[in-house]
Amino acid sequence: MTPADELRTAAEKIRILATTATDGPWHQSGIGDQGWTVDTPHAFVAETEDSEKGRADADWIAAMHPGVGDKISGLLEAAAGFVDDYPDLTRPHIDDEPCSDHACHIVHASLAVARAINTGSQP
Ligand SMILES: [Zn+2]
């Protein structure tokens, strides 16, 4: 799979997930000592445990609503087009760190996002 393919695969995966999930925006709402919820004005989305981590998880889930996913998908598609036009931007660098060129940095960061989405892995 080429780097552009990786970017487009991740963009498509996120687009499908975002368009099939409950419409956003999502909001975190605490429910006292029973945990934290994420919902819309018309739908329940998720519940997390009653802890500070649970609150942080609910905040995170709400921040990453489907509208954000749609924008991430668009960003990855744009990066794929950039790679089509300038394939040298994907060349490996020493220690896998991008150079100081902003275009190179954007492409490498976008590829890191795409690979995390495509593999479902976390650092
Ligand atoms: Zn570079």
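Residues numbered from 1 in each chain as written. Predicted model: local features only at pLDDT ≥ 70, side-chain atom pairs only at ≥ 80, totals over all residues.

Asker: Report on the pairing of strand β2 (residues 36-39), specifying residues and quantitative values.
Answerer: Burial along β2 is one-sided: the face carrying Trp36 and Val38 is buried and the face carrying Thr37 and Asp39 is not. Sheet analysis places strand β1 (residues 27-30) next to β2, joined by 4 bridges and oriented antiparallel. By the bridge assignment for β2, Gln28 is matched with Val38. Linking β2 back to strand β3 (residues 44-48) in an antiparallel pair, the connection comprises 4 residues. (Buried ≥ 20, exposed ≤ 12 C-beta atoms within 10 Å, placed from the backbone. Helix = DSSP H or I, 4+ residues; strand = E, 2+ residues; numbered from the N terminus. Pairing = 2+ DSSP bridges.)

Asker: Tell me about unusual backbone geometry, residues and numbers included.
Answerer: Working note: non-glycine residues mostly have negative phi, and peptide bonds are mostly trans. In this chain, Gly24 is followed by Pro25 through a cis amide linkage whose omega measures 0°. Checked against the element boundaries, Pro25 lands in the loop between α1 (3-20) and β1.

Asker: Residues and numbers for the nonpolar core, please.
Answerer: Among the nonpolar cores identified, the biggest contains 16 residues, and Leu7, Ala10, Leu76, Ala80 and Val83 are the most heavily contacted of them. Secondary structure elements with two or more residues in this core: α1, α3 (66-85) and α4 (102-119). Filtering out sequence-adjacent residues up to four positions away, Leu7 remains in contact with Leu76, Ala79, Ala80, Val83, Ser110, Leu111 and Ala114. Listed in part, the 5 residues of the second largest apolar core include Trp26, Val38, Ala58 and Ala62. (Core = buried A, V, L, I, M, F, W, Y, C linked by C-beta atoms within 7 Å. Contact = placed C-beta atoms within 7 Å.)

Asker: Mind laying out α1, listing which residues take part and the relevant values?
Answerer: Between its first and last C-alpha atoms α1 spans 26 Å; for 18 residues at 1.5 Å apiece the expected length is 26 Å, and the two agree. All of the buried residues in α1 are Pro3, Ala4, Glu6, Leu7, Arg8, Ala10, Ala11, Ile14 and Ala18. Structurally, α1 contributes buried residues whose contacts are with α3 and α4. (Expected span 1.5 Å × (residues − 1).)

Asker: Give a description of the pairing of β3 that names residues and reports values.
Answerer: As paired strands, β2 and β3 are joined by 4 bridges and run antiparallel to one another. Pairing of Trp36 across the sheet is with Thr48, part of β3.

Asker: So what's going on with the domain arrangement of the protein chain? Which residues, and what values?
Answerer: Size of an interface, as often reported, equals the accessible area lost when the parts are brought together. Considered domain by domain, the protein chain is made up of domain 1 (1-20 + 66-123) and domain 2 (25-64). Taking only C-alpha atoms into account, the centre of domain 1 sits 29 Å from that of domain 2. (Domains from an automatic or database assignment.)

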